[in-house]
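These are the residues of each chain, in order.
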Amino acid sequence: MFITVEGVEGAGKSTLMNMLAQSFETRGIVFLRTREPGGCDLGASLRPLLLDVSSSLDSRAELFLFLADRAQHVAETIRPALLRGDWVLCDRYADSTIAYQGYGRGMDTDRLQELNDYATGGLWPDRTLLLDLPVETGLARALARNGREGLTQSEGRFEAEELAFHQRIREGFLARAARWPERFRVLDATLEPEALLRQALTALGLSC
Ligand code: T5A
């Protein structure tokens, strides 16, 4: 089973994925945990270019770097794991490109869908957990976390965008969830982590 976790900045994806990973281990589910950008060696090299606030990337260059990461990530990591029969739990994937570069940056979403099809060889998730919450809440969480952990803005190029950008992204994710209801499950990310985990497990057809 190929599972992706999506959402706006600070939605709680990493926190939920930590809890899901623990739950899968307890159940004896063999799985691979990965993320984008940066789930393969190529992506690890691209990640600083994509996320560093000091990068000044043209939107199309940004798009193709995300797609290059994804193509390699699928070929090298995700598809082999699925062929072994492992579950794959991925933090962001193609829906992020369509939400951020499409709805956020204003690129043509149908074209982005096609480019993602090409980059991934048509591999789309079996289940996408969309963590939905007001963008102000997510950004505040991300900011508080960065402060607590003493992080700089070194990975904050998208967090630094204006509020309207993040709002368009939230709406874009919700539009995709409405278009593909059999794949998406929209979860209430304002819930406490334990309650959110229960929603996620139910969405994956697992007992709580
Ligand atoms: N991007 C990515 C594109 O533009 N196009 C693409 O194709 C792709 C793949 C990646 C950036 O790249 C963009 C999108 C992103 O801007 P990233 O560093 O990987 O950036 O970061 P994000 O994926 O955005 O993740 P975040 O760092 O914003 O946060 P998370 O993982 O969603 O949230 P998390 O778990 O770290 O939680 C944030 C804080 O909130 C608390 C946590 O303790 C933490 O302090 N928290 C909660 N608080 C209350 N209730 C809950 N349920 C909570 N869950 C977590």
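Structure's up top.
Once that is clear, we can look at the packing of helix α2 (residues 41–51) against helix α3 (residues 59–84). Two elements in contact, α2 and α3, have axes whose closest approach is 9 Å; the angle formed by their N-to-C orientations is 160°. Considering the angle they form, α2 stands roughly antiparallel to α3. Judged by the sense of rotation from one axis to the other, the crossing of α2 with α3 is left-handed. Residue-level inspection shows Asp 41, Leu 42, Gly 43, Leu 46 and Leu 50 of α2 in contact with α3, the latter providing Glu 62, Leu 65, Phe 66, Ala 68, Asp 69, Gln 72 and Glu 76. Looking at the contact of α2 with α3 residue by residue, the classes come out as six nonpolar, two polar and four charged.

On to the environment of Val 53, then. Positionally, Val 53 belongs in the loop between α2 and α3. In this structure the C-alpha to C-alpha distance between Val 53 and Ala 160, which are 107 residues apart in sequence, comes to 7.9 Å.

A word on the pattern of salt bridges. This structure, assessed with the given rule, holds 10 salt bridges. Among the salt bridges present, the one from Arg 105 reaches Glu 161, with a minimum N-O distance of 2.8 Å. Taken as a pair, Arg 105 in the loop between α4 (94–104) and α5 (109–120) and Glu 161 in the loop between α6 (135–148) and α7 (163–179) lie far apart in primary sequence, 56 residues in all. The exposure class of Glu 161 is partly exposed, given its relative accessible area of 26%. Each member of the salt-bridge network shares a partner with another, and the members are Glu 62, Arg 105, Arg 157 and Glu 161.

It is worth spelling out the nonpolar core at this point. Counting residues in each nonpolar core, the largest one holds 40 residues, and the members touching the most others are Leu 16, Leu 20, Phe 24, Leu 129 and Leu 131. Looking at which element gives the most residues to this core, the answer is helix α1 (residues 13–27), with six residues. The next biggest cluster of nonpolar side chains, apart from the first, holds 16 residues, and it includes Phe 2, Ile 78, Val 88 and Leu 112.

Taken together, the neighbourhood of the ligand is formed by 26 residues, with Glu 9, Ser 14, Thr 15, Thr 97 and Arg 148 sitting nearest. Between the ligand and Arg 92, the relevant distance is 2.7 Å, taken from an oxygen atom to a side-chain nitrogen or oxygen of the residue. Arg 145 places a polar side-chain atom, nitrogen or oxygen, 2.7 Å from an oxygen atom of the ligand. When the ligand sits alone it has 1,000 Å² of accessible area, and the protein chains cover 87% of it. The residue inventory of the shell around the ligand, partitioned by class, reads eight nonpolar, seven polar and 11 charged.

Of the positions making up α2, those classed as buried are Gly 43, Leu 46, Arg 47, Leu 50 and Leu 51. Taken down its axis, α2 places every buried residue within 125° of arc, on the same side.

What follows covers the packing of aromatic side chains. Within a pair of aromatic rings, the relevant descriptors are the distance that separates the centres and the angle that separates the planes. Under the criterion given, the structure shown has seven aromatic pairs. Between Phe 24 and Trp 87, the ring centres sit 5.3 Å apart and the planes meet at 85°, which makes this aromatic pair edge-to-face. One end of the pair, Phe 24, is in helix α1; the other, Trp 87, is in strand β3 (residues 87–91), and 63 residues separate them in sequence. Overall, the relative accessible area of 0% leaves Phe 24 in the buried class. The interplanar angle of 50° and the centroid separation of 6.1 Å between the aromatic rings of Phe 66 and Phe 158 together place this pair among those described as tilted. Of this pair, Phe 66 sits in helix α3 while Phe 158 sits in the loop between α6 and α7, placing them 92 residues apart in sequence. The pair Phe 66 / Phe 158 is uniform in exposure class, with both members buried. Here the basic side chain of Arg 157 rests over the ring of Phe 158, its NZ or CZ set 5.0 Å away from the ring centre.

Procedures and definitions
- Residues numbered from 1 in each chain as written.
- Predicted model: local features only at pLDDT ≥ 70, side-chain atom pairs only at ≥ 80, totals over all residues.
- Heavy atoms only, no water.
- Axes fitted to C-alpha atoms, helices over the stretch in contact; angles between N-to-C directions.
- Helix = DSSP H or I, 4+ residues; strand = E, 2+ residues; numbered from the N terminus.
- Parallel < 35°, antiparallel > 145°, perpendicular 65-115°, else oblique.
- Left-handed = near helix turned anticlockwise from the far one by under 90°.
- Contact = heavy atoms within 4.5 Å.
- Nonpolar A, V, L, I, M, F, W, Y, C, P; charged D, E, K, R; others polar.
- Salt bridge = Lys/Arg side-chain N within 4 Å of Asp/Glu carboxyl O.
- Buried < 20%, exposed > 50% of the residue type's maximum accessible area, 1.4 Å probe, protein only.
- Core = buried A, V, L, I, M, F, W, Y, C linked by side-chain atoms within 4.5 Å.
- Near = heavy atom within 4 Å.
- Polar contact = N/O pair within 3.5 Å; in protein donor to acceptor, adjacent residues only side chain to side chain.
- Areas by Shrake-Rupley, 256 points an atom, 1.4 Å probe, with all protein chains shown as cover.
- Arc of directions from axis to C-beta.
- Phe/Tyr/Trp six-rings, centres within 6.5 Å; stacked < 30°, edge-to-face > 60°.
- Lys NZ or Arg CZ within 6 Å of the ring centre and 35° of its normal.

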